[in-house]
Each structure stands twice: as C-alpha cells, then as structure tokens.
Number of protein chains: 2
Amino acid sequence: MVKMNDNYQKLPGSYLFSTVAKKVNAYQKAHPEAEIIRLGIGDVTEPLVPAIIEALHGAVDEMASRETFRGYAPDLGYDFLRNAIAENDFQARGCDIQADEIFVSDGAKCDCGNLQEIFAVDNKIAVCDPVYPVYVDSNVMAGRTGMYNKERENFDGVIYMPCREENNFLPELPSETPDLIYLCFPNNPTGEAIRKSELQEWVDYANKTGAVIFYDAAYEAYIAEEGVPHSIYECEGAKTCAIETRSFSKNAGFTGLRLGYTVIPKELVRGGVSLHSLWARRHGTKFNGAPYIVQRAGEAVYSEAGKAQLKEQIAYYMRNARTIKAGLTEAGFTAYGGVNSPYIWLKTADNMTSWEFFDYLLNKLHIVGTPGSGFGAQGEGFFRLTAFGSYENTLEAVKRLKSM
Amino acid sequence: MVKMNDNYQKLPGSYLFSTVAKKVNAYQKAHPEAEIIRLGIGDVTEPLVPAIIEALHGAVDEMASRETFRGYAPDLGYDFLRNAIAENDFQARGCDIQADEIFVSDGAKCDCGNLQEIFAVDNKIAVCDPVYPVYVDSNVMAGRTGMYNKERENFDGVIYMPCREENNFLPELPSETPDLIYLCFPNNPTGEAIRKSELQEWVDYANKTGAVIFYDAAYEAYIAEEGVPHSIYECEGAKTCAIETRSFSKNAGFTGLRLGYTVIPKELVRGGVSLHSLWARRHGTKFNGAPYIVQRAGEAVYSEAGKAQLKEQIAYYMRNARTIKAGLTEAGFTAYGGVNSPYIWLKTADNMTSWEFFDYLLNKLHIVGTPGSGFGAQGEGFFRLTAFGSYENTLEAVKRLKSM
C-alpha cells in the first residue's frame, strides 16, 4: 500500500490566495451587482508594453517556420536572455555576476518553492513574520518543520523573526542560529525596504555562521530611494553566502507569461558541495526550460524601448501606491510601505482582526485586500493593499476607504 | 552550517541528455564541417501548425490591451483548456474523466519529476528497465532509493522490471510488491506499445495491492493499431489506482512552448487521503500556472483545424519512423518500436556497447542517437533513434546507416 506524504497534513487549510479568491468569488456570485475592486493578490493589471508584445509576435512567427522553429530550450535558459540579465541587472550595478550563474525559470514562485530541495531535510530555516507563505509551506511539505502550533499560530521548528512597527519591520539576527535564511526586500507583505548597510549585516552573519541566505528581490524595480540595494550582491561577500531570485512579474507584467530567474554564484559552496551544480542538476532533471517565446519577451524587457516603456508602467503603479497611502493617512489609518514597493501595509480599523477587516472591506466597501494574519501571526491586525489596480479603481477605493 | 541534500551525490554524473548534448557539441566544435543529423533527443523539428500560430498571435494581442490582459492564470489551468482536454482526450474515448480532475502544467517532464513529492519517502518504486531517467532520478533526489550500485548499474532499493526481447519489452508483475509503479506506453525508449488487456492486469494488480500507477502517455498520439489503449482510464478500475500524465510536446510540437497535464481522479484515495487534493496543494504552493498564451495554443490543438493539421504532422513523423525501421532492417539490424511510437530501438552492431555505438555513429556517420544503457542496465547493447528529424535528414541518415 502506497503511503502519502504526511507533511502535507500539517498545512492548515488551503493556500492563502486560494482562500481569498474563494471568498471573493462567493461574494460576487451572491452579489453580482457589486463592483468589487481587487487590491488583494499582487497581480498586475496593465497590459504588456509594446516592446514586449512585438518580441512575442516576432518569436511566434519564428515558431511557424522550419528554419527558425525552436524546440527544447537549454535547461538553464537561452544565452541571449542570461547575458541580458547579467549585464543589466548585475554588472551595470557593479555586481560581478556572470551569465552562467543565472538560471532562467518559469517564475520566482516556482524557484522559491523548489529551491529548498537542494538542502538537507534537517536544516533549520529562518523566516520573517509576516512572510510570503511559499517559503514556509514548501519547507513544511518537505518535512523540514514540526507541526503547526495552533496557540502560536506558526510551525514548530521554524525560526520566526518578527517584523513589526517596533523594529521598522526589519528582522533582527535570531538568537538561535539558522541554516537557511529567507529574506525578501523590498518586502512582501510589509512593503518596507532594507538599507545596504543593514543587509550587509546579514551577509556577514551568514558568512560567519555558514548559513545560506535566500534573497527574494521580486520587487526590486520599485526601489525609489538611494541607499536601498537592488541586489544582495551589492553587499561584500554575498557571493559566498547568498542565492537571489528575481521575477519578471512585477517589473514587466509577466504574471500571466511566467518568467523568473535565480542566481547561484559558483563560489557558493557548503560542505565541499557547489550549490550551483546541485541546482543545475535539479533544473536538468525536473524542468525543461521556459518557453522560447517568453524568453524573447524577457529579452525585450532589457531593450531601450522596453526599459523606457516599463519605467512609465512602474511610475503608473507607484502613483497608485502614493494615492493609497496618502488617502489612508488622511482617513486616519496608520500605513507603511508604498515608497520602494507596490504594497501598502496598514493597521486595521477599530482593532479588528485581519480577517474581520477583510470581510468588512469586502462586504461593506467591495474592496479586496489580503489579511495580514495570512502572512503569519505577527501580521495579525494588519492588512495588505496593492498598487496593481488601475488608477481609476485606486481613486475609487480610496474614496470608499475615506467614507468609512 | 547549512547541510546540502546528500541524495544528489548518489546520482552518477549528469542527466543523460545533457551528456549527449555535451559530446555532440564538442564533436561539432572540433569538426565544424561535419553535417550532423540529430536523432538523439526526442525533440520535434516541424514548425507549429497554422491553427496554433494563429491562437498564439491572438492571445498575444489580448495581452496588449487592458480590457483583455490576463494576469495570474488559475493554478490548475484555464477552464477552456481543461474542458477541451476532458472532452477530447477522455470523454470522446469513453473515459469518465472530468475537467476538474485535470491539472494543467508547463510540461510532462515537470509533472513526472514533481509528482513523487506527494508520496512518503519510504515508499518503494518500480520502474521498467530501460526507462526514462526522470522517474528514477527524481526519486533518488528525494531519498526514496539507496545508493547507486556500480556492479548492477542501478540503484539499491528500486524494483527494476526488465523489458527485453524475451518479454516483448513488456514488464512482468514484480515478485516484490511496489508502492508506486511507473509505466510509460507507448514506451520511451523502446517504442513498444501495450495492449489494453495487458494494461488491465496492471490496473487490477494495483487495485489489489494498494499501489498507485503513474502512467506516462506522452506518446499517445502515435498509436496506430487497434487494441492499444490511448489512456489508462480505458481500463476498468483505473480511476482508483492510476495517475496519467500527458504532454503537448510530441503530438503538437510544444517542446519549446511547454505545456502538459496530469489527471488525478477524485476517487483516487490512499490511507484516507485524496491524491487530487495533495496535488492541488502542491500546484497551488509551488507553481503559478502555465502561460495564458500557451494555454490558448493548447486549446487550438483540439480545434477542427488544429486536429487536421496535427494529424498530418504526426503522419510526417511516422513516415520517418517507418523509413528508419525499414532501412535498419534492410541493413541487417534488429529494430523494434516505430509502429505506435516515434522511437526505434535497435540492437547495436557487432556487439558494441551502447556508448561505443554512440561514438561510432557520431564520429563515423555523423548521426546522433541515444545510447540504450543511458536508460538503464537492461538497455545496454541497444540504441534509440527518433523519427523527429526532417524527412530529408531521415533519408540521409538511413543511407549512411546502410553504408556501414
């Protein structure tokens, strides 16, 4: 008799965003006339920019003729894309990352979820609290945690690093030494950024303890302030302790196209084993490359036209972020983020719990956000709104929030 | 200090097709004038058919305007595609599979590699020998096997089911009872098919023992003979013991587009746990949907125009298969497969080992195939050629083989 992976049973209920989607769908079905504004899931709404559309059409045409048809892509990504990434995202910022240290994938979520596989099961992970659920859930599935502790509302065997108002939403070095440290800056869900000097402390700590940092820089494109690092490789010594993951979803609207990448420097070695070679083996065995046409779309992100068009698109979303934050502040809310990131992290009204506030906003104002407690116990009493709606919807949402 | 997943160290060298690619690239570099014909990796060469190209362009245009832009796809696939699959691939053949039992993915290789995750680590797997390397390698990485046994040239703790000339390349029920059974028909690499009555025995066996069958039907579109099942769900009772995976790569040329799907019937339950719900949780946590434009391309596979155009494309490849097989037979080789599959499985010349024969063909005839021993110990002395080249190249390859 086959036995199932019991670790899945430790996960409470369904994936956060699936739960949100179900609640919203149920409400919409019961109230078809309600004009719901969705500022919950971090999904973009602006269309792909012309440079990307052009690249897609061009690549599709290539697939139509025998001379230019492309079959299986190279496991780790096409050179044209890996080179563009290395040059633009790293070398242009003074980070010494080479094209062959970049692994192209079908999205940062997949990389975030899969990367834990190359580590032993008995490692201890450290995560911020609140945190993007994929880091923890994928480790639960792998058996790298204990049971879910209902009282503490988190998992035994995981080091949680509280990120609250008191510490400006920045994790502190934990008292117990972790093996694998998940950091995400600009942060999801709090929207707060980390300074380079602050991130350097983490790099030094990891190099000293032999830990590995998994650095999720999915929101890098929204950084507006000086002194905020775009890549962990801006820090000295990061190549011997850090993996970085990036997404094309938020900077270029690829949520429905699927493209991301992970950087593993060749110098990153633990116990004599090269992490680069393990991940290459994983990619080669369980993945078959991102679609050629999507990789060509990714290349267009780095073209002159693409860069200019995307700069405008990000400015559009950031105007939304400022609008929400200013509106919330005017309405008397306490709100964070929204400066170097498309997320606004606000305190709920009237000491409501996060889910109470979710239901209130959905039922009364027809606004969807994400309950802070869905990101962890320390997110209780907070709520995440995103800047990814249209400007018109954002204005309307702010109007409704002010009416509360 | 972080510890790496030691199981990766059990894997000997690199993934088979990476090794083949490296050898071919090295030879081509040293002999730039050599006109190498690639019949090794199972990669298609014909362009996407017009119905698919049209669907792709149409979907790209949708992504260019705010009104029709699509962000995150539903985790498990768009309904338009899941419905088309359920109707055409299953219900039209009398298999009672519903759309919500279909999980759309970025390819069958990923599904083959990832599906083992939902099973406990202490299950015992059974695989055919020779076999598609992903089934075994992904289980090695998960720690579900022992060490690599150099003498036997396979892994301790895995039940290998020899598929040789003596048993018409069909596995026999193993003496030790497995928990998870990998079957692939029409088979990769042998190209041989299984009859429905023969597959029914496996279904009955799995239902009796509580095992689960992972059925890889990636080559279903090449079935030409009556009595050969297109889906395991044609067998009675399969819905309580079998998972089936399909690919769009071989039937529609999607190797570079990436699309596949896995069927898990809701009736498939072990130890009180629904496998459907575990896989849904896995998909929701570690995957973010296949690209919208690619799912629209998948839908076009089931349109009237798409079906007609793809029928021709498959006929084109099958003419290649017949040409290779007839040529090999004429040249005095013993060859199998090529009737219900695009693969020809031949015995090497002069009792050469598979890799000797690989080197011989590459160096002397400039033909690339895949060494049988790369698929397992029982593949030694065999060699795989694919029908996925152009007709002209296939004729030229046959000419060269006859010249031996």
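Residues numbered from 1 in each chain as written. Chains lettered and ligands numbered in written order. Predicted model: local features only at pLDDT ≥ 70, side-chain atom pairs only at ≥ 80, totals over all residues. Heavy atoms only, no water.

### What to know about the relation of the copies chain A and chain B
To keep things clear, this is the line we draw: Superposition of the copies used a least-squares fit over C-alpha atoms from residues whose pLDDT is at least 70 in both. Residue contacts are counted whenever heavy atoms from the two residues lie within 4.5 Å of one another.
Mapping chain A onto chain B is achieved by rotating through 180 degrees and translating by 0.0 Å along the same axis, at an RMSD of 0.0 Å. In symmetry terms, the pair is related by a two-fold rotation axis. Residues of chain A ranked by C-alpha distance from the rotation axis are headed by H57 of chain A, positioned 3.1 Å from it. Interface overlap between copies is the fraction of interface residues in one copy that are interface residues in the other; for chain A against chain B it reaches 100%, indicating a shared surface.

### Re the interface of chain A and chain B
Rules: Summed over both partners, the accessible area (1.4 Å probe) lost when two parts come together is defined as the buried area. Just to be clear on terms, a salt bridge is a Lys or Arg side-chain nitrogen sitting within 4 Å of an Asp or Glu carboxyl oxygen. Pairs of N or O atoms within 3.5 Å make up the polar contacts considered here, provided that, within protein, one atom can donate a hydrogen while the other can accept it, and that residues adjacent in sequence are counted only when both atoms are side-chain atoms. Secondary structure counts use DSSP, requiring at least four H or I residues in a row for a helix and at least two E residues in a row for a strand, with both numbered from the N terminus.
The interface is formed by 81 residues belonging to chain A together with 81 residues belonging to chain B. Buried area between chain A and chain B, summed over both chains or domains, comes out near 6,900 Å², and the portion from carbon and sulfur atoms is 59%. When the buried area of chain A at its contact with chain B is split by residue, M4, Y72 and R281 of chain A rank highest and sum to 12% of it. Put simply, chain A and chain B have six salt bridges between them. D137 of chain A is paired through a salt bridge with R281 of chain B; the nearest N and O atoms lie 3.5 Å apart. Linking chain A with chain B are 35 residue pairs in polar contact (both at pLDDT 80 or more). Going through the elements one at a time, α2 (50-62), α4 (108-114), α5 (133-141), α8 (275-286) and α9 (292-301) of chain A are the ones with two or more residues in the side of chain A that touches chain B.

### Here we look at the pattern of salt bridges
Once their charged atoms are close, side chains differing in charge can pair, the charge on each being opposite to the other. Residue and element names in this part refer to chain B. The condition that has to hold: Burial here depends on accessible area, computed with a 1.4 Å probe over protein chains only, as a share of the maximum for the residue type. Under 20% is buried, over 50% is exposed, and the range in between is partly exposed.
For the structure shown, the criterion picks out 46 salt bridges over all chains. Residue R246 is joined to E244 by a salt bridge in which the shortest nitrogen-to-oxygen separation is 2.8 Å. Here R246 falls in the buried class, since its relative accessible area comes to 3%. The class for E244 is buried, based on a relative accessible area of 0%.

### A look at the packing of α2 of chain A against helix α10 (residues 304-330) of chain A
Residues and elements named next belong to chain A. Put simply, the rule reads: Here an axis means a line fitted to C-alpha atoms, over the contact stretch when the element is a helix, while the angle between two N-to-C directions is reported on a 0 to 180 degree scale. Angular relationships are summarised with four words: roughly parallel below 35 degrees, roughly antiparallel beyond 145, roughly perpendicular across 65 to 115, and oblique for the angles in between. Residue type decides the class: Asp, Glu, Lys and Arg count as charged, Ala, Val, Leu, Ile, Met, Phe, Trp, Tyr, Cys and Pro as nonpolar, and the leftover types, Gly among them, as polar.
Put simply, α2 and α10 touch, their axes get as near as 8 Å, and they point 135 degrees apart. Classed by the angle they form, the pair α2 and α10 counts as oblique. Contacts from P50, A51 and I52 in α2 reach A305, G306, Q309 and L310 in α10. The class makeup of the residues in the contact of α2 with α10 is five nonpolar, two polar and no charged.

### Overview of the packing of helix α10 (residues 304-330) of chain B against helix α12 (residues 391-402) of chain B
Residues and elements named next belong to chain B. α12 packs onto α10 with a crossing angle of 5 degrees between their chain directions and a minimal axis gap of 9 Å. Classed by the angle they form, the pair α10 and α12 counts as roughly parallel. Listed contacts from α12 to Y316, R319, N320, T323, I324, G327, L328 and E330 of α10 are Y391, E392, T394, L395, V398, L401 and K402. Residue composition of the contact of α10 with α12, by class: seven nonpolar, four polar and four charged.

### Observations concerning the packing of aromatic side chains
The line we're drawing: Ring pairs shown here join Phe, Tyr and Trp side chains whose ring centres sit within 6.5 Å, with only the six-membered ring taken for Trp; geometry is labelled stacked below 30 degrees between planes, edge-to-face above 60, and tilted in between. A positively charged side chain is recorded as over a ring if its NZ (Lys) or CZ (Arg) lies within 6 Å of the ring centre. The angle to the ring normal must also be within 35 degrees.
Evaluation of the coordinates by the stated rule reveals 54 aromatic pairs over all chains. Taken together, a centroid distance of 6.3 Å and an interplanar angle of 70 degrees make the contact between Y135 of chain B and F214 of chain B edge-to-face. One end of the pair, Y135 of chain B, is in helix α5 (residues 133-141); the other, F214 of chain B, is in strand β8 (residues 212-216), with 79 residues separating them in the sequence. Taking the relative accessible area as the measure of exposure, Y135 of chain B reaches 1% and is therefore buried. Judged by relative accessible area, which is 2%, F214 of chain B ranks as buried. Seen from their ring centres, Y343 of chain B and F388 of chain B are 6.3 Å apart, and the 90 degrees between their planes marks the pair as edge-to-face. A residue pair is termed long-range when its members are at least 10 positions apart, and Y343 of chain B in strand β14 (residues 343-347) and F388 of chain B in the loop between β17 (382-386) and α12 qualify at 45 residues. Pair check on accessibility: Y343 of chain B and F388 of chain B agree, each one buried. Three or more aromatic residues joined by ring pairs make a cluster, and in this case those are F17, F169, Y336, W345, F375 and F382 of chain A. Lying across the ring of F80 of chain B, R296 of chain B places its NZ or CZ 3.6 Å from the centre.

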